Amino acid sequence: MTNNPADLTSSDYLDGAHEMHAAGRPYLAHLLAEEAAQLTTDPASARSIRAQFPAPTRKD
């Protein structure tokens, strides 16, 4: 475990996104997945990550 966010990898963020999705926290999952996508150098992989964790819609 690291205390420095700069040491986190795309895989670390993606793992967190999966955990937040399983915990019923779709917005946090989306934010973590977005970080993972930004750290990914392959555009196709980044699109795939974003497609798996779309931004949740508001429920007013």
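Owing to the predicted nature of the structure, the values given are computational and were not obtained by experimental measurement. (Residues numbered from 1 in each chain as written. Predicted model: local features only at pLDDT ≥ 70, side-chain atom pairs only at ≥ 80, totals over all residues. Heavy atoms only, no water.)

Draft legend 1. Main features of the overall build of the protein. For the protein, the helix and strand inventory stands at three helices and zero strands. Listed by position from the N terminus, the elements making up the protein come as α-α-α. If one aligns the C-alpha atoms of the protein with their principal axes, the spans along those axes are about 35 × 30 × 15 Å. The buried share among the 60 residues of the protein stands at 22%. A sequence separation of at least 24 residues applies to 43% of the contacts in the protein between residues at least 6 apart. Summed over its atoms, the accessible surface of the protein is roughly 4,500 Å², and 54% of this surface lies on carbon and sulfur atoms. In the protein, 5 side chains carry a positive charge and 8 a negative one; their mean positions are 12 Å apart. (Helix = DSSP H or I, 4+ residues; strand = E, 2+ residues; numbered from the N terminus. Buried < 20%, exposed > 50% of the residue type's maximum accessible area, 1.4 Å probe, protein only. Contact = heavy atoms within 4.5 Å. Areas by Shrake-Rupley, 256 points an atom, 1.4 Å probe, with all protein chains shown as cover. Lys, Arg positive; Asp, Glu negative; His and termini not counted. Charge placed at Lys NZ, Arg CZ, Asp CG, Glu CD.)

Draft legend 2. Structural detail: the nonpolar core. Of all hydrophobic cores here, the largest spans 10 residues; its members are Tyr13, Leu14, Ala17, Ala29, Ala33, Ala36, Ala37, Ala46, Ile49 and Phe53. Counting residues per element, the ones that place at least two in this core are helix H1 (10-22), helix H2 (26-39) and helix H3 (43-52). It is H2 that provides the largest number of residues to this core, a total of four residues. Leave out the neighbours within four places in its chain, and Ala37 touches Ala46, Ile49 and Arg50. (Core = buried A, V, L, I, M, F, W, Y, C linked by side-chain atoms within 4.5 Å.)

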